[in-house]
Amino acid sequence: LKVEALEKVSSSNTLKDLQDIRVAYLGKKGPITEVLRGMGKLSQEERPVIGELANKVREAISDALDEKKEKLEAEELEKKLAEESLDVTLPGRPVQVGGPHLLTSIVEEIEDLFIGMGFEIKEGPEVETDYYNFEALNLPKGHPARDMQDSFYITEELLLRTHTSPVQARTMGEYEGSKPVKMICPGKVYRRDTDDATHSHQFTQIEGLYVDKNVRMSDLKGVLNRFAKHMFGEDREIRLRPSFFPFTEPSVEMDISCKVCNGKGCSVCKGTGWIEILGGGMVHPRVLEMAGYDPKVYNGFAFGMGPERIAMLKYGVDDIRHFYMNDVRFLKQYHKV
Ligand code: PHE
């Protein structure tokens with residue numbers, strides 16, 4: 001019995017096996033208990049001999065179990081320590097970091113430039129009233145130029161703003177002709193356009209407004225010239241062409257001289273060497289008047305641009321929809337911009 005038990009102990013590999021062996025041999029229903037229980041039936045002479053033998057066997061098995069238990073526990077601890085050990089000399093795993101969206105970077109770059117020239121950043125509601133989106137900008141109801149900006153109307157008087165110009169009207173209205181205005185307003189705008197490579201029903205605009213005494217067209221030209229050079233390179237030239245906007249008079253469109261460079265070298269874009277970038281002009285006297293500025297004392301310039309277009313030209317993005325698809329393979333290329 002002893003030999004059998006000790007063999008089982010030495011071949012067991014888990015603490016659970018040991019516990020089972022202990023129960024089987026030393027437990028209440030085990031053979032040793034049975035022997036001890038049967039002592040009463042033995043003769044006077046046999047009793048001490050069998051008793052001693054049974055106790056020795058029990059001790060031997062119990063000692064073997066204890067010893068093996070200690071060994072197994074030690075092994076288990078060893079294994080756990082080995083598994084949990086940390087090799088601090090291993091190279092770290094790279095962490096995936098995000099980055100700003102290309103549009104965010106462009107808008108912030110433009111904002112920084114204009115802040116540097118003393119412009120304030122202003123924001124306004126995307127759900128706008130017909131008054132601020134159109135009427136305050138010299139676009140009364142039924143004006144044909146409203147068609148230039150096909151709108152998403154919510155009610156007869158409310159719409160998704162079609163440009164950020166209403167923020168300019170709001171700011172002038174807020175100051176009520178009391179002080180000069182020098183601001184830019186970046187934000188989302190909405191038009192009922194069918195989405196394609198160059199149109200999106202939602203896009204971004206940054207418009208600028210400078211109202212003061214003696215603001216001249218040459219001031220506009222100077223600011224825009226700085227902007228063009230800052231964004232596209234000091235070697236760029238600008239030119240202003242006559243245009244029409246209901247809220248500016250005279251109105252202009254600005255082109256920048258352009259070169260398209262690829263691996264093979266640089267060539268002039270679109271044949272003419274000029275590419276249209278933005279619109280602007282001198283604030284219409286009616287617009288100043290409606291906002292509480294006396295057009296005999298104050299005048300100003302305004303301009304508006306689309307950051308998507310700026311980004312497309314600057315980085316050669318060929319489809320405006322890339323900005324809104326959020327394909328990380330596209331976005332990642334510009335994380336270091
Ligand atoms: N609001 C005009 C547009 O959305 C842009 C513009 C702004 C033109 C200011 C002139 C002056 O097209």
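Given the structure is predicted, the values throughout are model-derived calculations rather than measurements.

Draft legend 1. View of unusual backbone geometry. The omega torsion of the bond from Glu-249 to Pro-250 falls at -5°, within 30 degrees of zero and hence cis. Tracing the backbone through its elements, the reader meets Pro-250 in strand E7 (residues 248-257). Of note in the backbone geometry, Asn-138 takes a positive phi value of approximately 70° without being a glycine.

Draft legend 2. Up close: the sheet that holds strand E10 (residues 274-283). Taken together, seven strands build an open sheet; the order of strands is E1-E4-E5-E11-E10-E7-E6 and the sheet is mixed. A strand with exactly one partner marks an edge of an open sheet, and here the two such strands are strand E1 (120-121) and strand E6 (238-245). As judged from the eight bridges shared by E7 and E10, these two strands associate in the antiparallel manner. Across the sheet, the residue bridging to Ser-257 is Trp-274, located in E10. Of the strands in this sheet, E1, strand E4 (181-190), strand E5 (202-212) and strand E11 (299-305) are in contact with helix H7 (residues 165-175), which crosses E4 at around 140°. Along the sheet, helix H10 (residues 307-315) contacts E5, E10 and E11; its crossing angle with E10, the most-contacted strand, is approximately 150°.

Draft legend 3. Looking closely at the site of the ligand. The local shell around the ligand holds 14 residues, among which His-163, Ser-165, Arg-191, Gln-205 and Glu-207 are the closest. One of the side-chain nitrogen or oxygen atoms of Glu-207 is found 2.8 Å away from a nitrogen atom of the ligand. Relative to its free-state accessible area of 320 Å², the ligand is covered by the protein chains to the extent of 91%. If you list the elements that add at least two residues to the shell around the ligand, you get E5, E10 and E11. With three residues, E11 is the largest single contributor of residues to the shell around the ligand. For the shell around the ligand, the residue count by class is four nonpolar, eight polar and two charged.

Draft legend 4. Structural context of the pattern of salt bridges. For the structure on display, the rule yields 21 salt bridges. Residue Arg-241 is joined to Asp-255 by a salt bridge in which the shortest nitrogen-to-oxygen separation is 2.7 Å. In this pair, Arg-241 is assigned in strand E6 and Asp-255 in strand E7, connecting sequence segments 14 residues apart. Among the ionic pairs, Arg-321 bridges to Asp-319, the shortest N-O distance being 2.8 Å. Classification of Arg-321 as partly exposed rests on a relative accessible area of 32%. By relative accessible area, which is 15% here, Asp-319 ends up buried. Here the salt bridges do not stand alone but share partners, grouping Asp-130, Glu-135, Lys-141, Arg-146 and Glu-157 into one network.

Draft legend 5. Examining the UniProt feature "binding site: Mg(2+)" (unreviewed entry) in the protein more closely. In this structure's numbering, the residues bearing the UniProt feature "binding site: Mg(2+)" (unreviewed entry) are Glu-249. By secondary structure assignment, the location of Glu-249 is in strand E7. Taking relative accessible area as the criterion, Glu-249 reaches 46% and is therefore assigned partly exposed. Sequence-distant contacts of Glu-249, defined by excluding residues within four places in its chain, comprise Met-282 and His-284.

Draft legend 6. Expanded view of the UniProt feature "coiled-coil region" (unreviewed entry) in the protein. Under the UniProt annotation, the feature "coiled-coil region" (unreviewed entry) is placed at residues 58-87. This span, residues 58-87, is 90% helix and 0% strand, and a straight line between its end C-alpha atoms measures 47 Å.

Draft legend 7. Geometry of the nonpolar core. Counting 40 residues, the largest nonpolar core has Phe-114, Phe-227, Met-254, Phe-301 and Met-305 as its most contacted members. Those elements giving two or more residues to this core turn out to be helix H5 (102-116), E5, helix H8 (217-232), E7, E10, E11, H10 and helix H12 (328-332). Not counting the four nearest positions on each side in its chain, Met-254 is found in contact with Leu-224, Phe-227, Ala-228, Ile-238, Arg-239, Leu-240, Ile-275, Glu-276, Ile-277 and Leu-278. If you look at the next biggest cluster of nonpolar residues, it comprises 24 residues, including Met-183, Leu-288, Ala-291 and Tyr-298.

Draft legend 8. Seen up close, the packing of aromatic side chains. In this structure the tally under the stated criterion is eleven aromatic pairs. Above the face of the Tyr-175 ring, Lys-179 is positioned so that its terminal group lies 4.3 Å from the ring centre. Above the ring of Tyr-210, the side-chain terminus of Lys-182 is found at 5.1 Å from the ring centroid.

Rules used throughout
Residues numbered from 1 in each chain as written. Predicted model: local features only at pLDDT ≥ 70, side-chain atom pairs only at ≥ 80, totals over all residues. Heavy atoms only, no water. Helix = DSSP H or I, 4+ residues; strand = E, 2+ residues; numbered from the N terminus. Pairing = 2+ DSSP bridges. Contact = heavy atoms within 4.5 Å. Axes fitted to C-alpha atoms, helices over the stretch in contact; angles between N-to-C directions. Near = heavy atom within 4 Å. Polar contact = N/O pair within 3.5 Å; in protein donor to acceptor, adjacent residues only side chain to side chain. Areas by Shrake-Rupley, 256 points an atom, 1.4 Å probe, with all protein chains shown as cover. Nonpolar A, V, L, I, M, F, W, Y, C, P; charged D, E, K, R; others polar. Salt bridge = Lys/Arg side-chain N within 4 Å of Asp/Glu carboxyl O. Buried < 20%, exposed > 50% of the residue type's maximum accessible area, 1.4 Å probe, protein only. UniProt positions renumbered as here; feature names shortened; annotations may be inferred. Core = buried A, V, L, I, M, F, W, Y, C linked by side-chain atoms within 4.5 Å. Phe/Tyr/Trp six-rings, centres within 6.5 Å; stacked < 30°, edge-to-face > 60°. Lys NZ or Arg CZ within 6 Å of the ring centre and 35° of its normal.

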